Amino acid sequence: MPGEEPLRVGRPLVVAIDGPSGSGKSSVSKEVARRLRLSYLDTGAMYRAVTWDCLDRGLDLTDSALVEASARALDLELSTSADDESVSVRGHDVTEQIREPRISQSVSAVATNLGVRNELIRRQRALIAAHGRRMVVEGRDITTVVARDAEVRLLLTASEEARMRRRGLQLGGTQTAEDLREQVVARDLKDSTVASFTQAADGVYTVDSSDLDFEETVEAVLAVVHAAVAAPQAGH
């Protein structure tokens, strides 16, 4: 595995990465964290964990107050290592379960709950602080809300065609084109009502991975990180 010398040793280095479904942000973010020797936070897994918890307990996801209360009380343990993907809810390992189609189909109902978002944003900021503000954080509102003061803010995007193809490969070809469109396009449309992740905000770099392979995308993101660290006030 190629390595890099750690950047800004002893100083904060938060790399905030937003992007739509299927843009490759999770796999790319993990690899960037490995190479820069930073902690890693998948904020989407937190929303999925709340969704799993609510469904497991038979709660009505349209009852916003009840879902918010569940999020606030959630007993959640989440790995912050790029090499160890593990999610535990109430002591149960749900790492695999939160990726199941039933969670993907329901998570927008939780992610668009503003009370849930406020609670998870609070937890996400606490985790960033607990890791000395040396972390790659990926999701949908990281550059604009969770870590607006991150040293590096980046939007990783790709064409709809590329995103659907990647999500299909990720799911092992088990989904129909209609299912993929629901998971990629329809979910983004729902989530965009509460988070901005389709266009870069002011001061946020953009990497379009439509025509890039995985390694090229990782290199493009690392180039942005180096550029931002070298000239933090520079533009896009």
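In case you missed it, the structure is sitting above this.
These remarks concern the structure in this document. (Residues numbered from 1 in each chain as written. Predicted model: local features only at pLDDT ≥ 70, side-chain atom pairs only at ≥ 80, totals over all residues. Heavy atoms only, no water.)

Let us now look at the pairing of strand E7 (residues 152-157). Along E7, 6 of the 6 residues are buried, which leaves the element largely enclosed by surrounding structure. Pairing geometry for strand E1 (residues 13-18) and E7, over 4 bridges, is parallel. From the neighbouring strand, Asp18 faces E7, where its bridge partner is Leu155. Pairing analysis gives 4 bridges linking E7 to strand E8 (residues 205-208), with the strands arranged parallel. Bridging from a neighbouring strand, Leu156 pairs with Val207 of E8. (Buried < 20%, exposed > 50% of the residue type's maximum accessible area, 1.4 Å probe, protein only. Helix = DSSP H or I, 4+ residues; strand = E, 2+ residues; numbered from the N terminus. Pairing = 2+ DSSP bridges.)

Moving on: empty space enclosed by the protein. Per the stated rule, a full pass over the model turns up 2 cavities of 30 Å³ or more. When its volume is computed, the largest cavity comes out at roughly 90 Å³. For the lining of the largest cavity, a count of residues per class yields 4 nonpolar, 3 polar and 5 charged. (1 Å grid on protein atoms, 1.4 Å probe; cavity = no way out; pocket = protein on both sides within 12 Å on 5 of 7 lines; lining within 4 Å. Points joined across faces, edges and corners; volume = space filled by probe spheres on them. Nonpolar A, V, L, I, M, F, W, Y, C, P; charged D, E, K, R; others polar.)

Bringing the sheet that holds strand E4 (residues 87-89) into the picture now. Strands sit in the order E3-E4-E5 across an open sheet of 3 strands; the sheet is antiparallel. Each of the sheet's edge strands pairs with one partner strand only, and the pair in question is strand E3 (76-78) and strand E5 (92-93). Pairing between E4 and E5: 2 bridges, direction antiparallel. In the sheet register, Ser88 faces E5, and the bridge partner there is Asp93.

Position of Thr217 relative to the elements: it lies in helix H9 (residues 214-230). A polar side-chain atom of Thr217 sits 2.8 Å from the main-chain carbonyl oxygen of Asp213. Apart from the residues within four sequence positions on either side, Thr217 is in contact with Val28, Leu156, Ser209 and Leu212. (Polar contact = N/O pair within 3.5 Å; in protein donor to acceptor, adjacent residues only side chain to side chain. Contact = heavy atoms within 4.5 Å.)

Mapped onto the elements, Leu222 comes out in helix H9. In this structure Leu222 comes out as buried when scored by relative accessible area, which is 2%. Sequence spacing of Leu222 and Val28 is 194 residues, and the spatial spacing of their C-alpha atoms is 10.0 Å.

Our focus in this paragraph is the pattern of salt bridges. With the rule as written, the count across this model stands at 19 salt bridges. One salt bridge connects Arg57 with Asp53, and the closest N-O pair in it is separated by 3.1 Å. Under the relative-accessibility criterion, Arg57 is labelled partly exposed at 40%. (Salt bridge = Lys/Arg side-chain N within 4 Å of Asp/Glu carboxyl O.)

What follows deals with the sheet that holds E7. Judged by pairing direction, the sheet is parallel, and its 5 strands sit side by side in the order E2-E6-E1-E7-E8 without closing on themselves. Either end of the sheet is taken by a strand with one partner, and the two such strands are strand E2 (39-42) and E8. Within the sheet, the average angular offset between the axes of one strand and its neighbour, ignoring direction, is 20°. This element, H9, spans E1, E7 and E8 of the sheet and lies at about 155° to E7. (Axes fitted to C-alpha atoms, helices over the stretch in contact; angles between N-to-C directions.)

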